[in-house]
Amino acid sequence: MSLEQNYTEILGQLGEDITREGLLDTPKRAAKAMQYLCKGYQQTLEEVTNGALFSSDNSEMVLVKNIELYSLCEHHMLPFIGKAHVAYLPNGKVLGLSKVARIVEMYARRLQIQENLTREIAEAVQKITGAWGVAVVIEAQHMCMMMRGVEKQNSSMVTSVMLGQFRENAATRSEFLGLVR
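The following paragraphs examine the structure supplied in this document. (Residues numbered from 1 in each chain as written. Predicted model: local features only at pLDDT ≥ 70, side-chain atom pairs only at ≥ 80, totals over all residues. Heavy atoms only, no water.)

## Some words on helix 4 (residues 97–108)
Heads up, the rule is: A run of H or I in DSSP counts as a helix once it spans at least four residues, and a run of E counts as a strand once it spans at least two, with each numbered from the N terminus. A helix is expected to span 1.5 Å for every residue after the first. Here the term buried applies to any residue with accessible area under 20% of the maximum for its type, exposed to any over 50%, and partly exposed to those in between, with areas from a 1.4 Å probe on protein chains only. Contacts: residue pairs with any heavy atoms within 4.5 Å of one another.
In this model helix 4 runs 18 Å from its N-terminal to its C-terminal C-alpha over 12 residues, within 8% of the 16 Å that 1.5 Å per residue would give. Residues K99, V100, I103, V104, M106, Y107 and A108 constitute the buried set of helix 4. Residues of helix 4 that are buried make contact with helix 3 (45–49), strand 2 (62–73), strand 3 (79–89), strand 4 (93–95), strand 5 (111–112) and helix 5 (114–129).

## Observations concerning the packing of helix 1 (residues 3–13) against helix 2 (residues 26–37)
Helix-helix packing is described using two parameters, namely the angle between the two axes and the distance between the axes. The following threshold applies: Axis geometry follows a simple rule: fit a line to the C-alpha atoms, using only the stretch in contact for helices, then measure angles between N-to-C directions, giving values from 0 to 180 degrees. Small angles under 35 degrees read as roughly parallel and large ones over 145 as roughly antiparallel, with 65 to 115 read as roughly perpendicular and the rest as oblique. The hand of a helix crossing depends on one turn: near helix anticlockwise from the far one by less than a right angle means left-handed, and clockwise means right-handed.
Following both chains from N to C, one finds helix 1 and helix 2 inclined at 120°, their axes separated by 8 Å at the closest point. On the basis of their axis angle, the class for helix 1 and helix 2 is oblique. In the crossing of helix 1 with helix 2, the sense of the turn from one axis to the other is right-handed. Only T26, P27, K28, A30, A31, M34 and Q35 of helix 2 make contact with helix 1, whose side of the interface consists of L3, E4, Y7, T8 and L11.

## So, unusual backbone geometry
Leaving glycine out, the prevailing phi sign among residues is negative, and the prevailing peptide bond configuration is trans. Unlike most non-glycine residues, N66 shows phi in positive territory, near 55°. Here N66 shows up in strand 2. At M77, a position not held by glycine, the phi torsion is positive, near 55°. Within the fold, M77 resides in the loop between strand 2 and strand 3.

## Overview of the pattern of salt bridges
For clarity, the cut-off: One side-chain nitrogen of Lys or Arg within 4 Å of one carboxyl oxygen of Asp or Glu is enough to make a salt bridge.
Per the counting criterion, the structure on display carries 5 salt bridges. The partner of R20 in a salt bridge is E16, with the nearest N and O atoms 3.0 Å apart. On the accessibility criterion, R20 (37% relative accessible area) is partly exposed. Between E123 and R119 there is a salt bridge, with its nearest N and O atoms 3.4 Å apart. One end of the pair is E123 and the other is R119, both in helix 5 and 4 residues apart, which spans about a single turn. Looking at R119, the relative accessible area reads 38%, which means it is partly exposed. Salt bridges sharing partners connect three or more residues here, namely K39, E105 and R109.

## A look at the state of the cysteines
To be explicit about the condition: The disulfide criterion is simple: two cysteine sulfur atoms within 2.5 Å.
For the structure on display, the rule yields 0 disulfides. Left unpaired, C73 is separated from the closest cysteine sulfur, that of C144, by 4.1 Å.

Right under this line is the structure:
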């Protein structure tokens, strides 16, 4: 059964008249939207970074702030929307600026929980750059908490992962956290 057929079945089981005008193309559109929202499964770290790693003498923190992210939680398949802050301490190599955002996007476009997304991004940046340290903070609002369940509209979740020098060195960690505030 195709994804489109599954959406037709879901609409019918919800009690909808799947033959009404407004729903005629909905299963096809919903299937296409879900494939887009989960396109990260079709990508690899090597593809999204595309060799954009450059030699550099810079050993100071590189920080990319406020990277928008849109993801779906694996528990309810409802959106969570937020921003990621990603920093690393170069060890002879720097990553092309847009590639940090592409790494965030690739992992965000998979089903998971925010805690795991934060770790996946940090480990990917570490793997591709060989950095002395990597730090990632994500702040997001979860529709599964806002639209259903406790229905708390102003809640947000903050997760962080610190690797290498960001974990071991309090001053480095403090500098990063001060910059993302």
